[in-house]
Amino acid sequence: MIVCKFGGTSVGDAAAIARAAGIISSRLERQPIVVVSALGGATNVLLQIAEQAAKGQLIGALRAIETLRDRHLAQTQILLKDDDEACEDICSELSAMFDELAALAEALKTLGDLTPRSLDAIASFGEQLSAVLVVAAFRQKGIDAEHVDARQVMITDGQYTRAEPQVDAIGEAAQRIILPIVRAGRVPVMGGFVGSAQGTGVTTTLGRGGSDYSASLVGAALQVDAIEIWTDVDGMLTADPRVVKDAQLIERIGFEEASELASFGAKVLHPNTIAPAVMRGIPVLVLNSSRPEGAGTLITFDAPRRAVRAIAGKSGVTLLKVRSPRMLLTEGFMRSLFEVFERHRTSVDVVATSEVSVSVTIDDTTRLEALVIDLRALGDVSMERNRGIVSIVGSSLSEGGSSMARALSAIGDIQVHMLSLSSSGINLTVVVDGDQVQPAMQRLHGVFFPAVEVSA
Ligand code: ADP
Ligand code: ASP
Ligand code: MG
């Protein structure tokens, strides 16, 4: 068995869905389980609809729903053009879901309040719609596909918008629901990103980009042979190709390196994707759905070691500094400090300490105000918004020291606010101004991955 996850662009329109069907057809012997994202951009639109409706802008929200409905129906009509009956059935099934979405938007307008729970209810429509559409398209192409409601399998806790998967319950549900479909020689198709809260069954989501995570959780639950992440680039590259034009394909990479890259800005994989695969030793492949013949990137335990594997970066990071000359060296200070972050469920990316202060970066500022109030009980707090982080990742980065010297000299005159080398020595991260992330990534990439000159 393998898991094949198709991201938003890989199911973005009829042509992409037809390509995905081709990929699955070529893998039927390997017993694929399919996980799909929402059609590219649909989740953003859904989140805007929720906001508009809650702000009372119902007409705008309903218009956006109609545009999204038209997009789904138009792609269905292209895909099912040879089967009027199936086309009519699927169009009415999708339309009924859009009616339900419109009713939810109206309810939100009346309530005038947008809770994380209602955000998830609305955001989940993207994957639920695409799963229905993809099943119909796959059947049209001769694949014996069956829709699996993600909410029956992806059991989570009740933290809306970033729910924690309940691994035992997912394992049990995957064995009970997905396995028999595979055993019957059919292809289960499930929406990613979406789940439901254990006990209540209320719809939850795993957080943005979470379909990768759904794929690896299902893969781990069923101990599959490989997890394939089909996306819009050739694999994991030496940097985000939107930032560094000549980024190169990484053919093999270690689990730990891939995980660091994902956590420090390489959006191609959701940061949590690797953990379930590592626990079961399942290889993860990142592949381009527009070029299925490409080798892609293979992520395993035993990738060859390299000083510098790739550069990642992200902006929109907040740097918090807590100064406490009296308390820093006292026992228990660090514990109290990190308890504050734990209490506010805010994860810390980079940490550096001095005699009198601790600096940390955070990505998620939804609970920043409450966090800072609690941190003030420990010392003086300063906050720097609009920072960014740039990370250089490689399994033997810290060996010998020359890579680090080259990295720092490449950064040159870009101001560095903080610097941290991970304890495993595979990740050197610098905190810079948000608008310096891209230039810093380009400079570092130029030094470690000089463009190969192609002579005419
Ligand atoms: P999907 O919808 O398939 O999940 P995403 O948009 O979430 O796709 O992720 C793919 C994108 O990740 C690419 O288009 C690319 O711009 C970005 N990206 C960032 N860093 C990297 C990297 N190191 N390698 C490849 N892609 C990267
Ligand atoms: N559709 C969701 C998002 O855009 C999940 C995903 O695509 O991974 O965040
Ligand atoms: Mg993604």
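First, a word on scope: everything that follows refers to the structure included in this document. Note that the structure is a prediction, hence the values are computed from the model and not measured.

## Quick look at the site of ligand 2
Step number 1: Taken together, Ser 37, Thr 43, Glu 127, Phe 193, Arg 208, Gly 209, Gly 210 and Ser 211 make up all the residues around ligand 2.
Step number 2: Within the side chain of Glu 127, one N or O atom sits 2.6 Å away from a nitrogen atom of ligand 2.
Step number 3: With respect to ligand 2, the backbone of Gly 209 contributes an N or O atom lying 2.8 Å from an oxygen atom.
Step number 4: Within the complex, the protein chains bury 86% of what would otherwise be the 260 Å² of accessible surface of ligand 2.
Step number 5: Looking at the shell around ligand 2, its residues break down into one nonpolar, five polar and two charged.

## What about the pairing of strand S1 (residues 2-6)?
Step number 1: Burial analysis of S1 places five of its five residues in the buried class, which makes it a mostly covered element.
Step number 2: In S1, alternate side chains face the same way, and those of Ile 2, Cys 4 and Phe 6 on one face and Val 3 and Lys 5 on the other are all buried.
Step number 3: Where S1 meets strand S8 (residues 226-231), five bridges bridge the pair, whose relative direction is parallel. Paired with Ile 2 across the bridge in S8 is Ala 226.
Step number 4: With respect to chirality, the unit in which S1 leads through helix H1 (residues 14-25) into the neighbouring parallel strand S2 (residues 32-36) is right-handed.

## A short note on the packing of aromatic side chains
Step number 1: Here the structure, examined in full by the defined rule, presents three aromatic pairs.
Step number 2: Considering the side-chain rings of Phe 255 and Phe 301, the 4.8 Å spacing of their centres and the 80° angle between planes classify their relative orientation as edge-to-face. One end of the pair, Phe 255, is in helix H10 (residues 255-263); the other, Phe 301, is in the loop between strand S11 (297-300) and strand S12 (310-323), and 46 residues separate them in sequence.

## Thoughts on the nonpolar core
Step number 1: One finds Phe 6, Ile 24, Val 34, Val 36, Phe 138 and Val 189 to be the most contacted residues of the largest nonpolar core, which totals 56 residues.
Step number 2: With residues up to four places along the chain from it excluded, the contact list for Val 189 reads Val 34, Val 36, Ala 131, Val 134, Val 135, Phe 138, Ala 145, Glu 146, His 147 and Val 148.
Step number 3: Within the second largest apolar cluster, 50 residues are counted, among which are Ala 150, Leu 261, Val 286 and Ala 312.

## Thoughts on the sheet that holds strand S6 (residues 194-197)
Step number 1: Here we have three strands laid out as an open sheet, ordered S4-S6-S7, and mixed in their pairing. In this open sheet, the two edge strands, each paired with only one partner strand, are strand S4 (155-156) and strand S7 (203-205).
Step number 2: With two bridges connecting them, S4 and S6 associate as parallel partners. Looking at S6, one finds that Ile 155 is bridged to Ser 196.

## Here we look at the pairing of strand S16 (residues 418-421)
Taken residue by residue, a regular strand's side chains alternate between the two faces of the sheet.
Step number 1: The two faces of S16 differ: Met 418 and Ser 420 on one face are buried, but Leu 419 and Leu 421 on the other face are not.
Step number 2: Relative to strand S17 (residues 427-433), S16 is paired through four bridges, and the arrangement is antiparallel. By the bridge assignment, Leu 421 is partnered in S17 with Leu 428.
Step number 3: Joining the antiparallel neighbours S16 and S17 is a turn of five residues, in which Gly 425 adopts a positive phi near 75°.

Analysis parameters
Residues numbered from 1 in each chain as written. Chains lettered and ligands numbered in written order. Predicted model: local features only at pLDDT ≥ 70, side-chain atom pairs only at ≥ 80, totals over all residues. Heavy atoms only, no water. Near = heavy atom within 4 Å. Polar contact = N/O pair within 3.5 Å; in protein donor to acceptor, adjacent residues only side chain to side chain. Areas by Shrake-Rupley, 256 points an atom, 1.4 Å probe, with all protein chains shown as cover. Nonpolar A, V, L, I, M, F, W, Y, C, P; charged D, E, K, R; others polar. Buried < 20%, exposed > 50% of the residue type's maximum accessible area, 1.4 Å probe, protein only. Helix = DSSP H or I, 4+ residues; strand = E, 2+ residues; numbered from the N terminus. Pairing = 2+ DSSP bridges. Right-handed = clockwise from strand over helix to strand, strands pointing away. Phe/Tyr/Trp six-rings, centres within 6.5 Å; stacked < 30°, edge-to-face > 60°. Core = buried A, V, L, I, M, F, W, Y, C linked by side-chain atoms within 4.5 Å. Contact = heavy atoms within 4.5 Å.

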